[in-house]
Amino acid sequence: MMLIEVNGAPTYCYTGGKPFDAARPTVVFIHGVLNDHSVWALQSRYMANHGWNVLAIDLPGHCRSGGDAPATVEQGADFIAALLDAAGVQRAALVGHSWGSLIAMEAAARLKDRISHLVLVGTAFPMKVSPALIEASLNEPEKALRMVNVFSRSTLAPPPSALGPGTWVYSAGMALGRKVLRSNPAVNVFHRGFVACDSYAGGEAAMAQMTCPVLFALGAQDQMTHPKAAQGLIQAARAAGRDVRIAHLPVGHNQMTEAPEETLFALRDFLGRG
Amino acid sequence: MPGYSDPGFDTLALHAGASPDPATGARATPIHLTTSFVFESSDHAASLFNLERGGHVYSRISNPTNAVLEQRVAALEGGVGAIATASGQAALHLAIATLMGAGSHIVASTALYGGSQNLLHYTLSRFGIETTFVKPGDIDGWRAAIRPNTKLLFGETVGNPGLDVLDIPTVSSIAHAAGVPLLVDSTLTSPWLIRPFEHGADLVYHSATKFLSGHGTVIGGVLVDGGSFDWDGSGRFPELTQPYDGFHSMVFTEESTVGAFLLRARREGLRDFGACMSPHTAWLILQGIETLPLRMERHMRNTQKVVEFLAAQPFVARVGHPLLESHPSHALAQKLLPRGAGSVFSFDLKGNREQGKKFIETLKVFSHLANVGDCRSLVIHPASTTHFRMTDEALAGAGITQGTIRLSIGLEDADDLIDDLKRALKAAEKAGA
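Residues numbered from 1 in each chain as written. Chains lettered and ligands numbered in written order. Predicted model: local features only at pLDDT ≥ 70, side-chain atom pairs only at ≥ 80, totals over all residues.

## Focus on the overall build of chain A
At step 1: Counting its regular elements, chain A contains eleven helices and eight strands.
At step 2: Against the globule reference of 19 Å for 274 residues, chain A gives a C-alpha radius of gyration of 17 Å, in line with a compact fold.
At step 3: Judged by the C-alpha coordinates and their principal axes, chain A covers about 45 × 40 × 40 Å.
At step 4: Within chain A, the proportion of its 274 residues that are buried is 61%. (Helix = DSSP H or I, 4+ residues; strand = E, 2+ residues; numbered from the N terminus. Rg over C-alpha atoms; globule rule 2.2 N^0.38 Å. Buried ≥ 20, exposed ≤ 12 C-beta atoms within 10 Å, placed from the backbone.)

## Describing helix H3 (residues 64-77) of chain B
Residue and element names in this part refer to chain B.
At step 1: In this model, H3 (14 residues) spans 20 Å end to end at C-alpha, consistent with the 20 Å of a helix rising 1.5 Å per residue.
At step 2: Of all 14 residues in H3, 14 are buried, a share of seventy percent or more.
At step 3: Two residues or fewer after H3 comes Gly 78, characterised by a positive phi angle close to 80 degrees. (Expected span 1.5 Å × (residues − 1).)

## Let's talk about the domain arrangement of chain B
Residues and elements named next belong to chain B.
At step 1: Looking at chain B, the domain boundaries give domain 1 (9-288) and domain 2 (293-431).
At step 2: Computed over C-alpha atoms only, the centres of domain 1 and domain 2 are separated by 29 Å.
At step 3: The partner domain 2 presents 36 residues to the 30 residues of domain 1 that form the contact.
At step 4: Counting residues per element, the ones that place at least two in the side of domain 1 that touches domain 2 are helix H1 (9-15), helix H5 (114-126) and helix H8 (190-193).
At step 5: A class-by-class count of the residues in the side of domain 1 that touches domain 2 yields 13 nonpolar, twelve polar and five charged. (Domains from an automatic or database assignment. Contact = placed C-beta atoms within 7 Å. Nonpolar A, V, L, I, M, F, W, Y, C, P; charged D, E, K, R; others polar.)

## Description of helix H3 (residues 99-111) of chain A
Residue and element names in this part refer to chain A.
At step 1: Over its 13 residues, H3 runs 18 Å from end to end, which matches the ideal 18 Å to within 8%, given 1.5 Å per residue.
At step 2: All buried positions along H3 are accounted for by Trp 99, Gly 100, Ser 101, Leu 102, Ile 103, Ala 104, Met 105, Glu 106, Ala 107, Ala 108, Ala 109 and Leu 111.
At step 3: Contacts from the buried residues of H3 go to strand S3 (26-30), helix H2 (73-87), strand S5 (92-97), strand S6 (115-121), helix H7 (189-199) and helix H8 (203-209).
At step 4: After H3 finishes, the residue Lys 112 shows a positive phi value of roughly 45 degrees.

## Focus on the pairing of strand S12 (residues 404-408) of chain B
Residue and element names in this part refer to chain B.
At step 1: Of all five residues in S12, five are buried; the element is thus mostly enclosed.
At step 2: Of the two faces of S12, the one lined by Thr 404, Arg 406 and Ser 408 and the one lined by Ile 405 and Leu 407 are each fully buried.
At step 3: Where strand S9 (residues 344-349) lies against S12, five bridges are found, and the strand directions are antiparallel. The residue of S12 that forms the bridge with Asp 348 is Thr 404.
At step 4: For strand S11 (residues 378-380) and S12, the ladder comprises three bridges, and the chain directions are antiparallel. Residue pairing in the sheet places Val 379 in a bridge with Leu 407 of S12. (Pairing = 2+ DSSP bridges.)

Okay, structure coming up:
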């Protein structure tokens, strides 16, 4: 792992068990609301052992990272730019899940040629969050977390996932959400993240501004970010002449844990392209 | 199975972890009786060994049938995951061996299964792990017993055999204030009666031999992690928070924010100690769990009738079940165990040792054997069997006398159980005349 000072605060970066090597290409993994780096455990560890520098971050104000949690997608994108500068990374691939996909998309628009690939897992635009869920995330976070977990799940029989065989993804999601929420006593990062998703308006513009190829990895049964809700972005990307790939994963919003192999293969094959 | 609400307990008991077999369409979980799993390539093999990809390598570490059982028990308990083991004792040992080594200390309830008491008092002390025993209701005692090298607090949901209910919310608060996890043996209650994680426990294990299996056919255990304990914040667990040279220099808490304990337990404990479960055993326990809710309901109904019968018998000195207001844990049981405090309990005859012997030997429906949680009703004399290594003082501490009889109430017609007990009580009373 690496702790990188970004904007005066330590940023935790899981490196997949491998030291940073400037000669290798770099991929940055960006988690979603109330998650941390560990949701990418399998995919990030695989890439680190297959020729890539991995920086699977805890966003500022989340778990092991200091700093102020991003209040907007744009702030998150600014942080990614600052992270690359602080790490001395000139060019990187960005992989984001859910809220992290919006941050990755906006960062790709701002950083243009510095981004080699963009992977949007479980994305949608606009990423509207119901007023009831936003309200619950602030005032009844346990109830809201339960709702999110139910909406994110697509199966009662997930395959061997990040913790290994015998993992119960639903409770793991609940436990992780509680820990992330507890990790920042100053700010409710659950509510802040949802508001940031809900208020982001720059998706289509971002698609026009970026220069890299884009992979959409969408869960066919995703009730949090339904595949239909990504169609506008896909059209915008194509209209802007982006090289667009789409992977339809047979799961819900927990793509990395409910379909770890399919998610990895989509990611690996896309990042393996020049 | 997408849905807009949490699946209920009964649904999880049937479906969690299992889907129709993609290769054959088999609806029941297949038994994967194989030691090993073919790698697709050298890279696939390396990725599995290095935890870059999910999957199975060798059945001592994991197996698809066992994984269904592990997911199912984790789902029923509300845990992040589970590990199936060769027995309940293997699950207890795996928990302890994952968290500590020589020089460590445990605080445990006095009201434990005799085998657990043996492990802590005699066996682990030989390996440099000390245990201080505290009466489960002695709250100040729990707090006072914690030392700088304490790594674990440990008790049973309902202590064997006196059914002292462990005040999990209070004891877990004491544990957490000291940066120590609470491990709970929930064998006698099963998740149908209590889900210890919801009350503050950090780790739970079962002897799946008992109610989870439910049919007295197999030996097995399951260890479950609630995923909530703060291993980093505690500062007492370098086993989980520092690089482990024995497995890719992995820092387990960085690898998994909520599953560090299970990662090390599987990658070290199962790998090195090897107390794994047979896939056939896992399958049989799965069959049992599918009817756990139905069986537990009947266990509780029968128990209530038998307890009420025994409490009204003049030849019975004491019935030790929290259903009764006279039981010291009655109020706590009503709070933590509203569906009942289990179907395993003890009572004392007003008689001598010979009369106790006559009582047991007269029973026809109850089987005299060393097990509990069977679908059949069982009986045993703890002082001469399960707890025979304990001194009189230790026995008294656990609420056991020479005249104590332990029952495990099964699923038979309650009237037949009561008739059987009635005949045996009469014979025992006559034997003293």
